[in-house]
Amino acid sequence: AVWLSGKRAIAFATTMLSMLSLALLVLGVDAHPMAPTCHGFGGLGSSCVAATPGDSGKRRGSAFGSTTLAVKVDVPGCSLKPCWLQGIRVGVDETNSVDSPAKVGIYLSDGRLAATSQVLEMPTSLQDHTWFFFPFFGYDKELHTLAEQDHVWLVFNTEATVKLTYHNAASSEDATRTVSEDFAQAFATQRDWELEPGRRQWAGLFRSLRVQLDVGDISVLPGSGLPLILEAPHGGRMTFGWPQRVSGVLNSDQNTDLFTEELRTDLTRRCGRSPPAVILRVDRQGIDGNRATGNGTHTRAGELCTQQSNSECCCHLADLNDMEQAINLNDVYHTLLAEQVAQGNGALLVPIHATGKHRVEVGVRLSASNLNEGAQLSPPSLAQCCSSKSSLRAVAGDVTEAVWGASSLGALLKAKRPDMEVIPSPQLRCPDATICPDSSYSSLFMGGYNLKIHVSSSQPGVQLELPQVMRGFGSDPPTVETAAVKQVGAALAAFLNAHFSETCEADVNFGLACVHGQAVYGTCVCLTGYAGVNCDNCADGYLLVNGQCMRLVVLSPPDGVTQKYGSAFTTTSSGKRYLYTRKFTTQLSECGAGCLPLNISLRVRCDSDQCHNDLNDASYTVGVALYDATGQRLCDGTTGQRAPQAETDWWLQVPLQGCPLLQSTQTQHDSVYLSMWTSKWLKLRWEQEPAVSARSRGL
């Protein structure tokens, strides 16, 4: 691919050469960046890419510890269609000798913080000036500028003093803003850098830090020699500015973008080298990156879309201009993927996809009927029927072992996650339950268009279809299952060891410490009172709450007390609201460092045929509050309709919000007051003849 820079977006043309798409993109100053595009020191596009931190005019300077540096950078083309943040490069001087923790962020022109990076250690022992790249990972890296011609602020902060590269700036407007502030306090959610009065001059000269920003609709995460290539064509999240297609599957493969990012990180740790990864960041509603380039009927080469893989093309949209933009993006995506495949020189291509089935499917370009045919032979074999069709034919002439043998990816995945159905594998060779009785589904995904066009007798590949549970389907915020990443990473590592002579760490529990627990299939099973990825949180009284660990201490009437039922009214006869309050006097010694109040529960009466009639109404509200012994309100909460139990009394739980920890004193019993009110008459259970101090008051 050749990327040129000009004053205007002039044209986009594509020529198909054999299986490789060669794209020529003329990128204008105000064009929307589809491929990863460089902005900042050096200009825009190719001139930016060519710039080095040691270029002419370089000045060595310090970024003092606990100092924030902010640089203004023009970023056109990210308003009508947002851009995806790829990462920020910071120029590091060759004399830097401090591996200080550092972090970068990006602010919009109106002062809003758009994103921050992870904390990384600055490089040392350099032979020359170098760019240090801070990548942006995660689900929330969409950059939506306020105008098509706009700017952002690239912000850098370091804990200790490091040596960076600068150049002289023409004016105060172009100079880097320098503000002294603690490393932990940097990156406020709102900051007007235009008005920031920080230092801009050194020795009477304005200076500008050499930094660059990459944005685009496609992420290309670099590799470092591992013979494996990851791709996620259906994991995109950007919908704004990309109209919905008229036909085709529109649902994205939820969280496959995150899974691909984390899988790449896991494989890097296991193998000591990184696989490249190509991720399409536009939602599948606007473009299907796993389809041939074309409209609703024909490809650009004039072939029928119905004759393509999955019988459709990428970009059937109602508006011709929208369709042409989607078609251009699909071409760029396939060009960038083809580059990685060509550079991989036979590396294993692994597209990451999603399935609604509760099993893992390994697509090897063999259909259900192919696998059924081979599985019913005695002994089961793919040698005669299917080897020439399989996407693993580059691994072995007879693909039987590679597809469902002991060293197949399916076998390795099953070993890392025994409770998950995996096909094809030694345990499940085919989808037809009459031939392979353990199959839960009669169909399977054989591998899509991208796998089809890139594999050959010298280029292997497999497509992974991951079930919802492994991808964290429906999680909020979006989060993939950590154990699943380790399981797939360990299986791929073992596959590379078996078929590519690699020496990767294939233990599924690699990297887990499990301080207070036991490692089991890529996750730490923690002892009681502990939580966290390595079981290193809590105990000594517990707490944490949402991440578990908490120890529940219930303040309630004594066991065996006589109960009666009665009503909780909404208002008095004069129309005043009732607030029912009960006092609990109790020792909170079980709480250790403190107990976090979670909810107040009311015992709802159910002992007649009129059970629940008073609660089958969505319009009511119940409110609760917690007071300390002095009468100070500590926290409160409300709830709407709750589904009643069938035939017994039940607890109506009302969650409390924003409570402080309750702590026991060494000198006296602690008193708390529990209060409730209701907007609807309720039938509740009451304790018969409680102690005078504990009796409820209706105020």
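Since this is a predicted model, take the numbers as computed values, not measurements.

Asks: Outline the overall build of the chain, listing residues and values.
Replies: When helices and strands are tallied, the chain shows nine helices and 41 strands. Per-residue burial for the chain yields a buried fraction of 51% across its 699 residues. Nonlocal contacts in the chain, meaning residues at least 24 apart in sequence, comprise 73% of its contacts between residues at least 6 apart.

Asks: Please give an account of the pattern of salt bridges that cites residues and values.
Replies: Pairs can form between side chains of opposite charge once their charged atoms are near each other. Tallied over the entire structure, the rule returns 28 salt bridges. Between Glu 361 and Arg 359 there is a salt bridge, with the nearest N and O atoms lying 2.9 Å from each other. The two residues Glu 361 and Arg 359 agree in class, both being buried. Shared partners join several salt bridges into a network, and the residues in it are Asp 253, Arg 284, Asp 288, Arg 291 and Glu 312.

Asks: Go over the state of the cysteines with me, naming the residues and quoting the values.
Replies: For the structure shown, the criterion picks out 10 disulfides. Paired by a disulfide, Cys 305 and Cys 313 hold their sulfur atoms 2.0 Å apart. Looking down the S-S bond of the Cys 305 and Cys 313 bridge, the torsion is -105°, so its handedness is left-handed. Looking at Cys 305, the relative accessible area reads 2%, which means it is buried. Residue Cys 385 pairs covalently with Cys 386 via a disulfide, S to S 2.2 Å. What sets the handedness of the Cys 385 and Cys 386 disulfide is the S-S torsion sign, and at about -95° it is left-handed. Exposure remark for Cys 385: the relative accessible area of 17% places this residue in the buried category. Looking at Cys 386, the relative accessible area reads 0%, which means it is buried.

Asks: Go over the environment of Val 533 with me, naming the residues and quoting the values.
Replies: Tracing the backbone shows Val 533 in the loop between strand S29 (530-531) and strand S30 (537-538). A relative accessible area of 55% places Val 533 in the exposed class. Separated by 18 residues in sequence, Val 533 and Val 515 place their C-alpha atoms 9.6 Å apart. Contact partners of Val 533, with chain neighbours within four places excluded, come to Leu 512 and Cys 524.

Asks: Could you give an account of the environment of Val 360, with specific residues and numbers?
Replies: One can find Val 360 in strand S24 (residues 359-363). Linking Val 360 and Lys 414, residues 54 residues apart in sequence, is a C-alpha distance of 9.1 Å. When sequence neighbours within four positions are dropped, the list of residues in contact with Val 360 reads Leu 413, Met 420, Glu 421, Val 422, Ile 423, Glu 465, Leu 466, Pro 467 and Met 470.

Asks: An account of the side chain of Thr 678 is needed here, citing residue identities and associated values.
Replies: Position of Thr 678 among the secondary structure elements: in strand S39 (residues 670-678). Of note is the side chain of Thr 678, whose polar atom sits 2.6 Å from the backbone oxygen of Lys 680. Apart from residues lying up to four places away in sequence, Thr 678 is in contact with Ala 568, Phe 569, Thr 570, Arg 577, Thr 621 and Val 622.

Asks: Any chance you could break down the packing of aromatic side chains for me, citing the residues and the numbers?
Replies: Going through the model one piece at a time under the given rule, you end up with six aromatic pairs. For the pair Phe 41 and Trp 131, a centre-to-centre distance of 6.3 Å together with 55° between the ring planes defines the contact as tilted. Placement of the pair is Phe 41 in the loop between strand S4 (37-40) and strand S5 (43-44) and Trp 131 in strand S12 (residues 130-135), with a sequence separation of 90 residues. Of the residues examined, Phe 41 reaches a relative accessible area of 15% and is grouped as buried. With a centroid separation of 5.8 Å and 75° between ring planes, the pair formed by Tyr 580 and Trp 686 is classed as edge-to-face. Pair noted here: Tyr 580 is in strand S34 (residues 580-586) and Trp 686 is in strand S40 (residues 682-687), with a separation of 106 residues, a long-range link. Just above the ring of Trp 242 sits the side chain of Lys 81; from NZ or CZ to the centre is 4.7 Å.

Asks: How would you summarise helix H2 (residues 256-271) if you had to cite specific residues and measurements?
Replies: Compared with an ideal rise of 1.5 Å per residue, which puts 16 residues at 22 Å, H2 spans 22 Å between its outermost C-alpha atoms and is within 8% of the ideal. Where burial is concerned, most of H2 is hidden: 12 out of the 16 residues are buried. Listed as buried for H2 are Thr 256, Asp 257, Leu 258, Phe 259, Thr 260, Glu 261, Leu 263, Arg 264, Asp 266, Leu 267, Arg 270 and Cys 271. Positioned one or two residues after H2, Gly 272 has a phi angle of 75°, which is positive.

Asks: Tell me about helix H6 (residues 409-416), and please be specific about residues and values.
Replies: Since the α-helix advances by 3.6 residues per turn, residues separated by three or four positions end up pointing in the same direction. Taking burial as the measure, the eight residues of H6 include seven buried ones, the bulk of the element. Those residues of H6 that fall on the buried side of the exposure criterion are Leu 409, Gly 410, Ala 411, Leu 412, Leu 413, Lys 414 and Lys 416. Of the surrounding secondary structure, the elements contacted by the buried residues of H6 are S24, helix H5 (400-404), strand S25 (421-423), strand S26 (463-466) and helix H9 (482-500).

Asks: An account of the packing of H2 against H9 is requested, with residue identities and associated values reported.
Replies: Relative orientation of the contacting elements H2 and H9 amounts to 50°, with a least axis distance of 9 Å. Classified by the angle between their axes, H2 and H9 sit oblique to one another. Here H2 runs over H9; the crossing is right-handed. For the pair H2 and H9, contact is made by Phe 259, Glu 262, Leu 263, Asp 266, Leu 267 and Arg 270 and by Ala 484, Val 485, Lys 486, Val 488, Gly 489, Ala 490, Leu 492 and Ala 493, respectively. Residues that form the contact of H2 with H9 fall into these classes: nine nonpolar, one polar and four charged.

Asks: Tell me about the sheet that holds strand S22 (residues 277-280), residues and numbers included.
Replies: The strands that make up a sheet pair up through hydrogen bonds in the backbone, lying either parallel or antiparallel. What the seven strands build is an open sheet, ordered S20-S22-S21-S23-S26-S24-S25; its pairing is mixed. Two strands lie at the open edges of the sheet, namely strand S20 (218-221) and S25, each paired on one side alone. Across the sheet, the mean angle separating the axes of adjacent strands is 15° when strand polarity is ignored. In terms of strand pairing, strand S21 (residues 228-232) meets strand S23 (residues 348-354) through four bridges, oriented parallel. By the bridge assignment for S23, Glu 231 is matched with Pro 351. Against the sheet, H9 touches S21, S23 and S26, its axis set at about 155° to S23.

Asks: Give a description of a nonpolar patch on the surface that names residues and reports values.
Replies: Together, Val 520, Tyr 521 and Val 525 make up a nonpolar patch on the protein surface, roughly 240 Å² of accessible area in all. In this fold, Val 520 is placed in strand S27 (residues 517-520).

Asks: Lay out the pairing of strand S15 (residues 162-168) in plain terms, naming residues and giving numbers.
Replies: Within S15, five of the seven residues are buried, which leaves the element mostly enclosed by the surrounding structure. Where strand S6 (residues 59-63) lies against S15, five bridges are found, and the strand directions are antiparallel. Bridge pairing in S15 links Ala 63 to Val 162. Here S15 runs beside strand S18 (residues 205-209); their pairing, made up of three bridges, is antiparallel. Note that in S18 the partner of His 167 across the bridge is Ser 208.

Asks: Lay out the confidence of the model for the chain with the relevant residues and their values.
Replies: Looking at the chain as a whole, its pLDDT mean stands at 87, while 87% of the residues score no less than 70. Low confidence marks residues 1-30, where pLDDT is under 50. Its contacts with residues over four positions away, or in another chain, come to 70 contacts.

The rules we used
Residues numbered from 1 in each chain as written. Predicted model: local features only at pLDDT ≥ 70, side-chain atom pairs only at ≥ 80, totals over all residues. Heavy atoms only, no water. Helix = DSSP H or I, 4+ residues; strand = E, 2+ residues; numbered from the N terminus. Buried < 20%, exposed > 50% of the residue type's maximum accessible area, 1.4 Å probe, protein only. Contact = heavy atoms within 4.5 Å. Salt bridge = Lys/Arg side-chain N within 4 Å of Asp/Glu carboxyl O. Disulfide = S-S within 2.5 Å. Polar contact = N/O pair within 3.5 Å; in protein donor to acceptor, adjacent residues only side chain to side chain. Phe/Tyr/Trp six-rings, centres within 6.5 Å; stacked < 30°, edge-to-face > 60°. Lys NZ or Arg CZ within 6 Å of the ring centre and 35° of its normal. Expected span 1.5 Å × (residues − 1). Axes fitted to C-alpha atoms, helices over the stretch in contact; angles between N-to-C directions. Parallel < 35°, antiparallel > 145°, perpendicular 65-115°, else oblique. Left-handed = near helix turned anticlockwise from the far one by under 90°. Nonpolar A, V, L, I, M, F, W, Y, C, P; charged D, E, K, R; others polar. Pairing = 2+ DSSP bridges. Patch = residues over 30% accessible without salt bridge, like charges linked within 9 Å, V, L, I, M, F, W, Y side chains within 5 Å. Areas by Shrake-Rupley, 256 points an atom, 1.4 Å probe, with all protein chains shown as cover. pLDDT = per-residue confidence, 0-100.

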